[in-house]
Amino acid sequence: MEYLTTTEMAVKWNISSRRIGVLCTEGRIDGVIKKGKMWLIPAEAMKPEDGRLKKR
């Protein structure tokens, strides 16, 4: 299985690497691994829905 860093996923998902770190901490991305201070995210992981936005 191939893993990507938060910086690489930020480019792929077009959001900040800090936001991806928050999503990892909250457990909203399946299959993440924390190696030291770095998050490793499966390359095929799906971007979670943004719960901060209101739906009308």
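Preceding this section is the structure that the text describes.
Thresholds, definitions, all that
Residues numbered from 1 in each chain as written. Predicted model: local features only at pLDDT ≥ 70, side-chain atom pairs only at ≥ 80, totals over all residues. Heavy atoms only, no water. Pairing = 2+ DSSP bridges. Helix = DSSP H or I, 4+ residues; strand = E, 2+ residues; numbered from the N terminus. Contact = heavy atoms within 4.5 Å. Patch = residues over 30% accessible without salt bridge, like charges linked within 9 Å, V, L, I, M, F, W, Y side chains within 5 Å. Areas by Shrake-Rupley, 256 points an atom, 1.4 Å probe, with all protein chains shown as cover. Salt bridge = Lys/Arg side-chain N within 4 Å of Asp/Glu carboxyl O. Buried < 20%, exposed > 50% of the residue type's maximum accessible area, 1.4 Å probe, protein only. Arc of directions from axis to C-beta.

Participant: Give me the sheet that holds strand S2 (residues 33-35): which residues, what numbers.
Facilitator: Read from one edge of the open sheet, three strands run S1-S3-S2, paired in antiparallel fashion. Taken across any chain shown, the strands that pair with only one partner, and hence form the sheet edges, are strand S1 (3-4) and S2. Sheet topology places S2 next to strand S3 (residues 38-42); three bridges connect them, and they run antiparallel. What sits directly across from Ile 33, in S3, is Leu 40.

Participant: Explain the environment of Leu 4 residue by residue, including any values.
Facilitator: Position of Leu 4 among the secondary structure elements: in strand S1. Excluding anything up to four places from it in sequence, Leu 4 contacts Met 9, Lys 12, Trp 39, Leu 40, Ile 41 and Ala 43.

Participant: Explain a nonpolar patch on the surface to me, using residue names and the numbers behind them.
Facilitator: Taken together, the side chains of Met 1, Tyr 3 and Ile 33 present a nonpolar region at the surface, about 300 Å² in accessible area. By the element assignment, Met 1 lies in the segment before S1.

Participant: So what's going on with the side chain of Thr 6? Residues and values would help.
Facilitator: Relative to the helices and strands, Thr 6 is located in helix H1 (residues 6-13). Beyond its immediate stretch of four places on either side in the chain, Thr 6 contacts Ser 17, Ile 20, Gly 21, Trp 39 and Ile 41.

Participant: I'd love a proper account of H1, names of residues and values included.
Facilitator: Given 3.6 residues per helical turn, the α-helix brings residues three or four places apart onto the same face. Of all the positions in H1, only Thr 6, Met 9, Ala 10 and Trp 13 are classed as buried. Take H1 and look down its axis: the buried residues cluster within an arc of 110 degrees, on one side only. Projecting away from the buried face of H1 at angles above 90 degrees are the exposed residues Thr 7 and Val 11. Positive phi appears at Asn 14, one or two residues downstream of H1, with a value of about 60 degrees.

Participant: Tell me about the environment of Cys 24, residues and numbers included.
Facilitator: Here Cys 24 lies in helix H2 (residues 17-25). Exposure remark for Cys 24: the relative accessible area of 4% places this residue in the buried category. Sequence separation of Cys 24 and Lys 35 is 11 residues, and the distance between their C-alpha atoms is 12 Å. The residues contacting Cys 24, other than those within four sequence positions of it, are Ile 29, Val 32, Trp 39 and Ile 41.

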